[in-house]
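Below, each chain spelled out in residue letters.
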Amino acid sequence: MKEFKLDTNPKIGTGFITPELYFDTLSEKVIQRLPQKESKVISIFRNKKHIVLLVAAVFIVALLVPIFFTNISKTTELDDNTIENYLSYQSNITQYDIINLLDDEDIDHLKETVAVDVDEVEIDLYSGEN
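Residues numbered from 1 in each chain as written. Predicted model: local features only at pLDDT ≥ 70, side-chain atom pairs only at ≥ 80, totals over all residues. Heavy atoms only, no water.

What follows covers the overall build of the protein. Across its full length, the protein carries six helices and zero strands. When the elements of the protein are put in sequence order from the N terminus, they spell out α-α-α-α-α-α. With 130 residues in all, the protein has 0% of them scored as buried. (Helix = DSSP H or I, 4+ residues; strand = E, 2+ residues; numbered from the N terminus. Buried < 20%, exposed > 50% of the residue type's maximum accessible area, 1.4 Å probe, protein only.)

What follows is the structure, given as structure tokens:
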């Protein structure tokens, strides 16, 4: 076998040669080959504006529905059980404070609505039972 040294033997070329000034004129040649007529640009959202508005309206309605129903469900009047529970569980209000706040009309109304049998009240008082 024959010895081969890279430093002494001539190297083989690739076989590809570019003409002189090829890359200097390449962009001009490509531009000349392109069609001169410009293509029409079509917007994606041109025909779909009503869809965007519809989505925005649905989004706003979805946000306002819970707010609307929470405002309707709030009542300003309290029922009797709520007031009774509030008064019974508040430690700073005594029965004497409530009695002092009642006027004659309230007492008359209580007499009409609460049916108390006088005989039973006297019997319980005399028997010593609470």
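Moving on from the model shown.
Another aspect to go through is unusual backbone geometry. Its identity is not glycine, yet leucine 21 carries a phi of approximately 60°, on the positive side. Secondary-structure assignment places leucine 21 in the segment before helix 1 (22-33).

A few words now on a nonpolar patch on the surface. Judged by side-chain polarity, Leu78, Ile83, Tyr86, Leu87, Ile98, Leu102, Ile107, Leu110 and Val114 come together as a nonpolar surface patch covering roughly 740 Å² of accessible area. At the level of secondary structure, the elements contributing two or more residues to the nonpolar patch comprise helix 3 (80-89) and helix 5 (104-113). Top element by residues in the nonpolar patch is helix 3. It accounts for three residues. Mapping isoleucine 83 onto the fold places it in helix 3. (Patch = residues over 30% accessible without salt bridge, like charges linked within 9 Å, V, L, I, M, F, W, Y side chains within 5 Å. Areas by Shrake-Rupley, 256 points an atom, 1.4 Å probe, with all protein chains shown as cover. Salt bridge = Lys/Arg side-chain N within 4 Å of Asp/Glu carboxyl O.)

There is a patch of like negative charges on the surface, built from Asp103, Asp104, Glu105, Asp106, Asp108 and Glu112. Its place among the elements puts aspartate 106 in helix 5. The exposure class assigned to aspartate 106 is partly exposed, which follows from its relative accessible area of 34%. (Lys, Arg positive; Asp, Glu negative; His and termini not counted. Charge placed at Lys NZ, Arg CZ, Asp CG, Glu CD.)

Everything listed here is a matter of geometry and, on its own, says nothing about what the molecule does.
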